[in-house]
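Okay, here's what each chain looks like letter by letter:
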Amino acid sequence: MSYILIFIGAVFVNNIVLSQFLGVCPFLGVSKKVDTAVGMSAAVAFVIVIATLFTFLIHSYILKPFGLEFMQTIAFILVIAALVQMVEIVLKKVSPALYQALGVFLPLITTNCAILGVAILVVQKDFTLLSSLVYAFSTAIGFGLALILFSGIREQLSYTNVPKSMEGTPIALITAGILAMAFMGFSGIV
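In this text the structure is predicted, and so the values were computed from the model without any measurement.

(A) View of the side chain of Asn 112. With respect to the helices and strands, the residue Asn 112 is situated in the loop between helix H6 (105-110) and helix H7 (113-124). We classify Asn 112 as buried; its relative accessible area is 2%. Of the polar contacts made by the side chain of Asn 112, one reaches the backbone nitrogen of Ala 114; its length is 3.0 Å. Once residues within four sequence positions are removed from consideration, Asn 112 is found in contact with Gly 23, Pro 26, Val 44 and Phe 143.

(B) Spatial organisation of the environment of Ile 89. When you line up the elements, Ile 89 lands in helix H4 (residues 72-94). Of the residues examined, Ile 89 reaches a relative accessible area of 51% and is grouped as exposed.

(C) Here's a closer look at the layout of surface pockets. Looking at the largest pocket, its volume works out to about 280 Å³. Listed by contribution, the elements that provide at least two residues to the lining of the largest pocket are helix H8 (129-157) and helix H9 (169-184). It is H8 that provides the largest number of residues to the lining of the largest pocket, a total of three residues. A class-by-class count of the residues in the lining of the largest pocket yields five nonpolar, three polar and four charged.

(D) Structural detail: the packing of H7 against H8. The N-to-C vectors of H7 and H8 enclose an angle of 145°; their axes lie 10 Å apart at closest approach. The hand of the H7/H8 crossing is right-handed. Residues Val 118, Leu 121 and Val 122 of H7 pack against Ser 132, Tyr 135, Ala 136 and Thr 139 of H8. Looking at the contact of H7 with H8 residue by residue, the classes come out as five nonpolar, two polar and no charged.

(E) Highlighting the nonpolar core. If you look at the biggest cluster of nonpolar residues, it comprises 51 residues, and the most contacted ones within it are Leu 18, Phe 27, Phe 76, Ile 109 and Tyr 135. Among the secondary structure elements, those contributing two or more residues to this core are helix H1 (2-13), helix H3 (34-63), H4, H6, H7, H8 and H9. In terms of residue count, H3 provides more of this core than any other element does, 10 residues in total. Other than its neighbours up to four places away in sequence, Ile 109 contacts Met 40, Ala 43, Val 44, Val 47, Val 84 and Ile 115.

(F) Region of interest: unusual backbone geometry. Non-glycine residue Phe 21 carries a positive phi angle of around 55°. By the secondary structure assignment, Phe 21 is in the loop between H1 and helix H2 (24-29). Unusually for a residue other than glycine, Asp 126 sits at a positive phi of about 55°. We classify Asp 126 as exposed; its relative accessible area is 61%.

(G) Examining the packing of aromatic side chains more closely. Under the definition given, this model contains four aromatic pairs. With 4.4 Å between their ring centres and 15° between their planes, Phe 27 and Phe 150 make a pair best called stacked. Of this pair, Phe 27 sits in helix H2 while Phe 150 sits in helix H8, placing them 123 residues apart in sequence. For Phe 27, a relative accessible area of 2% corresponds to the buried category. Ring centres of Phe 183 and Phe 186 lie 5.7 Å apart, and the angle between their planes is 70°; on these two criteria the pair is classed as edge-to-face. A network of ring pairs unites the aromatic residues Phe 12, Phe 183 and Phe 186 as a single cluster.

The rules behind the values
- Residues numbered from 1 in each chain as written.
- Predicted model: local features only at pLDDT ≥ 70, side-chain atom pairs only at ≥ 80, totals over all residues.
- Heavy atoms only, no water.
- Helix = DSSP H or I, 4+ residues; strand = E, 2+ residues; numbered from the N terminus.
- Buried < 20%, exposed > 50% of the residue type's maximum accessible area, 1.4 Å probe, protein only.
- Polar contact = N/O pair within 3.5 Å; in protein donor to acceptor, adjacent residues only side chain to side chain.
- Contact = heavy atoms within 4.5 Å.
- 1 Å grid on protein atoms, 1.4 Å probe; cavity = no way out; pocket = protein on both sides within 12 Å on 5 of 7 lines; lining within 4 Å.
- Points joined across faces, edges and corners; volume = space filled by probe spheres on them.
- Nonpolar A, V, L, I, M, F, W, Y, C, P; charged D, E, K, R; others polar.
- Axes fitted to C-alpha atoms, helices over the stretch in contact; angles between N-to-C directions.
- Left-handed = near helix turned anticlockwise from the far one by under 90°.
- Core = buried A, V, L, I, M, F, W, Y, C linked by side-chain atoms within 4.5 Å.
- Phe/Tyr/Trp six-rings, centres within 6.5 Å; stacked < 30°, edge-to-face > 60°.

In structure tokens:
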């Protein structure tokens, strides 16, 4: 039951983008088309789960036992950057088609603060390994849901008459705020 609560909480109630405001750069930057939003969501989901696994193990078995917890942020950033580079190299050799599909998004993931945020939140919440992975996967699903919904709305907005002063970023920020308020309606669930 607790895994279901973690899932619902991470996807809807404490959405990483709309509630905690992590990962806003790709949320605004890659949300003009649904196709690119789906690709970015898949790439983030893959990296966020793997990064959480590795950072959890590094924190639990290296940093914490040796009293090096103050190095957590630097260690996590290095691990995430290295993982993204390794994923890029492996995808290039194993699946060139998938690499071409995600090739644009992989470098962007390195600078996505949502991935680092999840790694740090897992440590702060004192989750077990399985709970950490459920939280990471759920957070990635929530990120993808918010990104795909937002990109669908932005695509529809491109067909409407928006006042000149509201075109582009202003209407995107207003839309993101309304979407965040809509997700606040889930706050009583968990």
